[in-house]
Amino acid sequence: MKKSLLFATLFLLILAGCKSVKTTEKKGDDGIITFKFIQLNDVYEIAPLGGGLYGGMARVAHVVDSVRNVEPNTFLMMAGDFLSPSLLGSLEVGGERIMGKQMIDVMNEMRFDLVVFGNHEFDLKEAELQKRLNESNFQWIGTNVRQVTEGGLQPFSIERNGQNMPVNDTYRLLLTDADGTEVVLGFFGVVLDSNPQPYVSYEDYLDASKRAYKELDGNSDIVIGLTHLTLNQDKTLAETLPGISFIMGGHEHDNKLLDIGNTKIAKADANAKTLYIHTLTYNRNQKRLVIDSHLFPIDETVKSHRTVAEVVEDWNFIMERELKTVVNDPYETIYMANVPLDGTDSASRGIQTNLGGFIAESMAAAFDYDVDAALVNGGSIRVDDMLDGEIVAMDIFRILPFGGGVLKVDITGDLLNQVLDFGKSKRGTGAYLQRFNVSQNDSGEWLINQEEIDPDKIYKVAFSDFLLKGYDIPFLTPDHKGVLKIYYPESNEIAFDIRKAVIAFLKQLK
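What you are looking at is a predicted structure, and each value in this text was computed from that prediction instead of being measured.

What is the right way to look at the packing of aromatic side chains in this model?
All told, the structure shown has 20 aromatic pairs when counted by the stated rule. Ring geometry for Y335 and F358: centres 5.7 Å apart, planes at 75 degrees, overall edge-to-face. Taken together, the residues span a long stretch of sequence, with Y335 in strand 20 (residues 333-342) and F358 in helix 9 (residues 354-365) at a distance of 23 residues. Looking at Y335, the relative accessible area reads 13%, which means it is buried. Centre to centre, the rings of F367 and Y487 are 6.3 Å apart; their planes meet at 75 degrees, and the pair counts as edge-to-face. In this pair, F367 is assigned in the loop between helix 9 and strand 21 (373-377) and Y487 in strand 29 (residues 483-487), connecting sequence segments 120 residues apart. Take F367: its relative accessible area is 8%, and that puts it in the buried class.

Here's what the structure looks like:
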């Protein structure tokens, strides 16, 4: 590697369920122990992105092994959001959606140690999530989530070797170095409650964290949070429980490193564009912890781990095979983006973007523009990236991994105004609407073709089929009295799959 990592050589002993900590120094024990955490969060793709310029779990694995080789006392963890969403996860093999199995295979090969649920883990159906839990070889924690069962609320569980093991609220590790210095680490893990599911019950993250901290504080030298919360929630957590030494978090997709009182908060960039290497040095005699955090870029200069790369290649073969059932050549150049297309989460969920405009217009074009407008929820755009230069067909599948049809809906102007107002009110969330042929004047009235929407008029609008399911906009359902007619495209029509519609549209612009 071009980037050298210099660490002291130490021996790692990991022991779960410690009951006490030895405080008597052993012969030669200097009272100081050093250990490392390698942190990832919000990883949706196993292969490199940006034309191979950044990311890739095989590259991450090479860095991890390089650190482990010089510092065996190294701990690899994921701060949530890795099972969903992804292009691979949305595909079907043998009649069953992959739904994160590719990530579990890769993470098992990489020997992950500890993960916390992210909100997108609960995109999966209950049976799908249970399969992923059972397939994993690493430890999970879920302090503020419970599974809703017929017998009441229960911790999620993992079936291994014929036994069911609960996903516990806390996790403790006893680490020992070469000269006998010991330290007990206490972990808890909380997730924001943004993905409601009938099978999931969320406890308030602060209440759950207080309960976990009380349990850990008396029998751990260092208390650490592995969280998937908003940055403001992480800050509140640090302010509420100042005894937490370190919070490794996710969710924002952009790297963060800040101190709130005595607590350090760290988040890496999404999709393994970067990872954090945290070096922690604890002085038992002084009860003092020093954390040195290094943000490490994962780019084309980083070598790939051979066996992990083989797992990635196997899954990529499956992906290409399945995509070819939808498009002839997944790598066909369909558009040249001289101006980068903004597919970042923050933009897609907060402002009208050029990419969102292209997607919405492609929906109208799929009906030969026989509609007045087109609307798609910003949350359906999943790539979280700026796309420039050559855009290939596969990029559209990465942008819109869940696919779905485009519906032509006869809708009253009154309901259309309500839909647009609701979408605007949800700025910052997936319900924010990307639009075609819709604007707003200085007085706040919505316009189509630069004319104010008439509440009594009937409009033809192209909607992504997801929007008509009432998930993002609860009142927008087929049985609403303002929805007068819905045209569902046939499988041979381009509107049947929004991705085909976008590919066809961009080809015309090339």
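What is the right way to read the sheet that holds strand 13 (residues 200-202) from this model?
Sheet strands line up and pair through hydrogen bonds in the backbone, either parallel or antiparallel. On the basis of which strands lie adjacent, the open sheet formed by three strands has the order 8-7-13 and antiparallel pairing. Every interior strand has two partners, whereas the edge strands, strand 8 (152-154) and strand 13, have only one. Here the average twist between neighbouring strands, direction ignored, is 40 degrees. With three bridges connecting them, strand 7 (residues 145-149) and strand 13 associate as antiparallel partners. Along strand 13, the bridge assignment pairs R146 with S201.

I tried to follow helix 5 (residues 205-217) on my own but got confused; where do I start?
For an α-helix, 3.6 residues make a turn, and residues three or four places apart therefore share a direction. With 13 residues, helix 5 should reach 18 Å at 1.5 Å per residue; the first-to-last C-alpha distance of 17 Å fits that figure. Among all positions of helix 5, only Y205, L206, A208, S209, A212, Y213 and L216 are buried. Mapping the buried residues of helix 5 onto a view down its axis gives an arc of 155 degrees, with all of them on the same face. On its buried face, helix 5 is in contact with strand 11 (170-176), strand 12 (182-191), strand 14 (222-228) and helix 6 (231-240).

Help me understand the environment of I244 in this model?
Tracing the backbone shows I244 in the loop between helix 6 and strand 15 (246-249). By relative accessible area, which is 0% here, I244 ends up buried. A sequence separation of 21 residues divides I244 from V223, and the C-alpha atoms of the two residues are 5.2 Å apart. Not counting chain neighbours up to four residues away, the residues in contact with I244 comprise F188, Y213, V223, G225, L237, N262 and T263.

Could you clarify how one ought to interpret the side chain of E121 in this entry?
Looking at where E121 falls in the secondary structure, it is placed in the loop between strand 5 (114-116) and helix 4 (126-135). Here F82 takes part through its backbone nitrogen, which lies 2.8 Å from a polar atom of the side chain of E121. Of note is the side chain of E121, whose polar atom sits 2.6 Å from the backbone nitrogen of G118. Dropping the residues within four chain positions of it, E121 is found in contact with G80, D81, F82, L83, S84, V116, L129, W140 and Y199.

Looking at this structure, how should I read the confidence of the model for the chain?
With 95% of its residues at a pLDDT of at least 70, the chain reaches an overall mean of 92. Every residue in residues 1-26 is under pLDDT 50, and counting partners more than four places away or in other chains gives 66 contacts.

How do you make sense of the pattern of salt bridges when you look at a structure like this?
Where side chains of opposite charge bring their charged atoms close, a pairing between them can arise. With the rule as written, the count across this model stands at 21 salt bridges. One salt bridge connects E310 with R306, and the closest N-O pair in it is separated by 3.2 Å. Placement of both E310 and R306 in helix 7 (residues 306-323) is noted, with a separation of four residues, approximately one turn of the helix. What makes E310 partly exposed here is its relative accessible area of 36%. Between R499 and D497 there is a salt bridge, with its nearest N and O atoms 3.1 Å apart.

Explain helix 3 (residues 101-110) to me, please; I cannot follow it from the model alone.
Within helix 3, seven of the 10 residues are buried, which leaves it mostly tucked inside the rest of the structure. Every buried residue belonging to helix 3 is among Q102, M103, I104, V106, M107, N108 and M110, and all of these are buried. Backbone geometry just after helix 3 places R111 at a positive phi near 60 degrees.

It is not clear to me how a negative patch on the surface should be interpreted in this structure. Could you clarify?
Side chains of D414, E452, D454 and D456 sit close together on the surface and give a patch of like negative charge. Along the chain, the position of D456 falls in the loop between strand 27 (451-452) and strand 28 (458-464). According to the relative accessible area criterion, D456 is exposed, its value standing at 72%.

Help me understand the packing of helix 1 (residues 57-70) against helix 3 in this model?
Between two packed helices, both the angle of their axes relative to each other and the distance between the axes serve to describe the pair. At a minimum axis separation of 10 Å, helix 1 and helix 3 run at an interaxial angle of 20 degrees. Classified by the angle between their axes, helix 1 and helix 3 sit roughly parallel to one another. Handedness of the crossing formed by helix 1 with helix 3: right-handed. For the pair helix 1 and helix 3, contact is made by M57, V60, A61 and R68 and by M103, V106, M107 and M110, respectively. Of the residues that constitute the contact of helix 1 with helix 3, the class distribution is seven nonpolar, no polar and one charged.

I keep staring at the environment of Y488 and nothing clicks. Help me out?
By the secondary structure assignment, Y488 is in the loop between strand 29 and helix 12 (498-509). Of the residues examined, Y488 reaches a relative accessible area of 48% and is grouped as partly exposed.

Where do I start with the pairing of strand 10 (residues 163-166) in this structure?
If a strand is regular, its side chains alternate between the two faces of the sheet. Pairing of strand 9 (residues 157-160) with strand 10 involves four bridges; the strand directions are antiparallel. Within strand 10, the position partnered with S157 by the bridge is P166.

What should I look at first to understand the packing of helix 5 against helix 6 in this one?
Look at helix 5 against helix 6: their axes get within 11 Å of each other, and the N-to-C directions meet at 40 degrees. Regarding the angle of helix 5 to helix 6, the classification is oblique. In this structure, helix 5 crosses over helix 6, and the sense of that crossing is right-handed. Residues Y205, L206, S209 and K210 of helix 5 form the contact with helix 6, whose participating residues are Q233, T236, L237 and T240. Considering only residue class, the contact of helix 5 with helix 6 consists of three nonpolar, four polar and one charged.

About the thresholds
- Residues numbered from 1 in each chain as written.
- Predicted model: local features only at pLDDT ≥ 70, side-chain atom pairs only at ≥ 80, totals over all residues.
- Heavy atoms only, no water.
- Phe/Tyr/Trp six-rings, centres within 6.5 Å; stacked < 30°, edge-to-face > 60°.
- Helix = DSSP H or I, 4+ residues; strand = E, 2+ residues; numbered from the N terminus.
- Buried < 20%, exposed > 50% of the residue type's maximum accessible area, 1.4 Å probe, protein only.
- Pairing = 2+ DSSP bridges.
- Axes fitted to C-alpha atoms, helices over the stretch in contact; angles between N-to-C directions.
- Expected span 1.5 Å × (residues − 1).
- Arc of directions from axis to C-beta.
- Contact = heavy atoms within 4.5 Å.
- Polar contact = N/O pair within 3.5 Å; in protein donor to acceptor, adjacent residues only side chain to side chain.
- pLDDT = per-residue confidence, 0-100.
- Salt bridge = Lys/Arg side-chain N within 4 Å of Asp/Glu carboxyl O.
- Patch = residues over 30% accessible without salt bridge, like charges linked within 9 Å, V, L, I, M, F, W, Y side chains within 5 Å.
- Areas by Shrake-Rupley, 256 points an atom, 1.4 Å probe, with all protein chains shown as cover.
- Lys, Arg positive; Asp, Glu negative; His and termini not counted.
- Charge placed at Lys NZ, Arg CZ, Asp CG, Glu CD.
- Parallel < 35°, antiparallel > 145°, perpendicular 65-115°, else oblique.
- Left-handed = near helix turned anticlockwise from the far one by under 90°.
- Nonpolar A, V, L, I, M, F, W, Y, C, P; charged D, E, K, R; others polar.

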